[in-house]
Amino acid sequence: MSKKSPKLSVNGTMNNILNLYKPVGPSSFFMVQSVKRTLKVKKAGHIGTLDPKAEGVLPICLDRSTRLIQFLVSLPKVYRATMTLGIATDTQDATGQILSSEDASHVTEQEVREVLAGFRGEQQQTPPMYSAKKKNGVPLYKLARNGITIERKPVTLQIYFIDFLKKEDNQVIFRVKCSAGTYIRTLCHDVGQTLGCGAHMSQLIREQVGQFDVESSWTIEELSQAQDDGTLAQKLLETETVLDFLPEIKATPDYVASIAHGKPLTKIAVTETPEHFRPGMNLRVTGEDGRIAAIVEPMVDEEGFQKLNPRDTAFKLKRVLV
C-alpha cells in the first residue's frame, strides 16, 4: 500500500488525529484501545464505526482532539463493497443466518447496473435490527439476538455516487459514496430485493472518510515502528488539516486571546467571513497565525450579519480549541 505523508504536527503533541487502517477481525473499539496502548495516550475515539468483518479507514482522535469528533462524524464516506446475489441473511451480511436462497444466475450485469443507478440521490433507508442504533438505551443488535424485532423509522440519506465495478457469477463489486449513517449491508439487501433475488454484503472496505483515505492511512504495526524510530509525528494530522473543510472566519488577535474565557464572537471581532453562511452551520475561527481557535455557529445569515451592530453577537461558541 503506497503512503502519502500527511502534514507534520507543529506542536509535536499527541493532541492530533490519526488515520488508522483497520484490518478484518478486530472491532473498532479494540483498535482504539490498541492505539491508546501503542501511543500511550489517555483518551482516543474513532470517527465512524467499522464492523469487525469490515476493513479500511478508521480515523482516530487522540487526547484533546477527541473534542472534534462531533464535527467529524457527519463526513461523507466511500466504500468498496462486494454483494452476493441470491442469498439474504438476517444480519444483511455474511455473518448472519440465511433467510432465503434463490438462483440468481438469470440476473444480468445490465440489470444490476440499472438497479444500482436507481439508488443514487436522496434515499430512505430503514436501519437494520443488527445495528448499534438504540431503542430506549438498548442497542438494536441486543434485541435482535434475543429474537426481538421492533419497528424502525426510515432515515433520509444521500448516495452521492454508486458505481458498478464488476460482476462475476453471483458476486457484484461496487463503489459508493454516501452520507454518514448509511448502512452498506442494508443497501445490498435493498438492491437484492429490487432485483427480486435477495442479496447480502459479503465484503466491505472503507476507502475514505472525508479527506482521510486509504493511501494516507497507517496500520497499528507501522505506528508501533514509528513510536520506536521517532517518526510518529509525521503520521499524525493537525486540527487545522482535519477541519479545513469547514468554512473559515478570521478574527482579531484580541478576540482570539479571550476566546478561552468563553467570550462570544461579536461582529466587530470578525475581520473576514465566508461568502455564504447561515444558522446551523459549523465554522472554524482562525487568528493571524492561521491556527483554529474555536468552532462557532452563526446567529444569522450573511445578510443578517450586515445589519448587526458592531458589538452584537454574530456567532455562538460550540467548541473552544485554544
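Before reading on, note that the structure itself is shown above.
Everything numeric in this text was worked out from a predicted model, so none of it was measured. Every residue gets a number counted from 1 within its own chain, in the order that chain's sequence is written. Note on the predicted model: pLDDT of at least 70 is required for a residue's local features to be given, and 80 or more for side-chain atom pairs to be given and counted; whole-chain, interface and lining totals, by contrast, use all residues. Side-chain descriptors were evaluated using all non-hydrogen atoms of the structure, hydrogens and water having been removed beforehand.

### Details of the pattern of salt bridges
- Basic side-chain nitrogens of Lys or Arg form a salt bridge, by our definition, when they fall within 4 Å of a carboxyl oxygen of Asp or Glu. Following the criterion strictly, the structure yields eight salt bridges and no others.
- A salt bridge links Glu272 to Lys250; the shortest N-O distance between them is 3.9 Å. Note that Glu272 is positioned in strand 17 (residues 270–272) and Lys250 in strand 15 (residues 248–251), a separation of 22 residues in sequence.
- Note on classification: 1.4 Å probe, protein chains only; a residue is buried when its accessible area is under 20% of the maximum for its type, exposed when over 50%, partly exposed between these limits. For Lys250, a relative accessible area of 32% translates into the label partly exposed. Numbering of helices and strands runs from the N terminus; a helix is a DSSP stretch of H or I covering at least four residues, while a strand is a stretch of E covering at least two.

### A closer look at the side chain of Glu238
- Here Glu238 lies in the loop between strand 14 (236–237) and helix 7 (239–242).
- In protein, a polar contact requires one atom able to donate a hydrogen and another able to accept it; more generally it is a pair of N or O atoms within 3.5 Å, and residues adjacent in sequence count only if both atoms are side-chain atoms. At 3.0 Å, the side chain of Glu238 and the side chain of Arg291 are in polar contact.

### Regarding the pairing of strand 15
- Burial along strand 15 is one-sided: the residues Ile249 and Ala251 are buried and none of Glu248 and Lys250 is.
- Here three bridges tie strand 15 to strand 18 (residues 283–286), and the two strands are oriented parallel to one another. Each residue of the ladder has a partner; that of Ile249, found in strand 18, is Val285. What makes two strands pair is DSSP finding at least two bridges between them.

### Observations concerning the packing of helix 1 (residues 28–39) against helix 6 (residues 220–229)
- Every axis in this analysis is a line fitted to C-alpha atoms, fitted for helices over the stretch in contact. Angles between the N-to-C directions lie between 0 and 180 degrees. At their nearest, the axes of helix 1 and helix 6 sit 10 Å apart, and the two run at 10° to each other. As the angle between them shows, helix 1 and helix 6 are arranged roughly parallel. Taking contact as the criterion, the partners of Met31, Ser34, Val35, Thr38 and Leu39 in helix 1 are, on helix 6, Ile220, Leu223, Ser224 and Gln227.
- Here the nonpolar group is Ala, Val, Leu, Ile, Met, Phe, Trp, Tyr, Cys and Pro; Asp, Glu, Lys and Arg are the charged ones; every other residue, Gly included, is treated as polar. Here the contact of helix 1 with helix 6 is built from residues that sort into five nonpolar, four polar and no charged. What sets the label is the angle itself: under 35 degrees gives roughly parallel, over 145 gives roughly antiparallel, 65 to 115 gives roughly perpendicular, and the rest give oblique. Residue contacts follow a heavy-atom distance rule, with two residues in contact if any of their heavy atoms lie within 4.5 Å.

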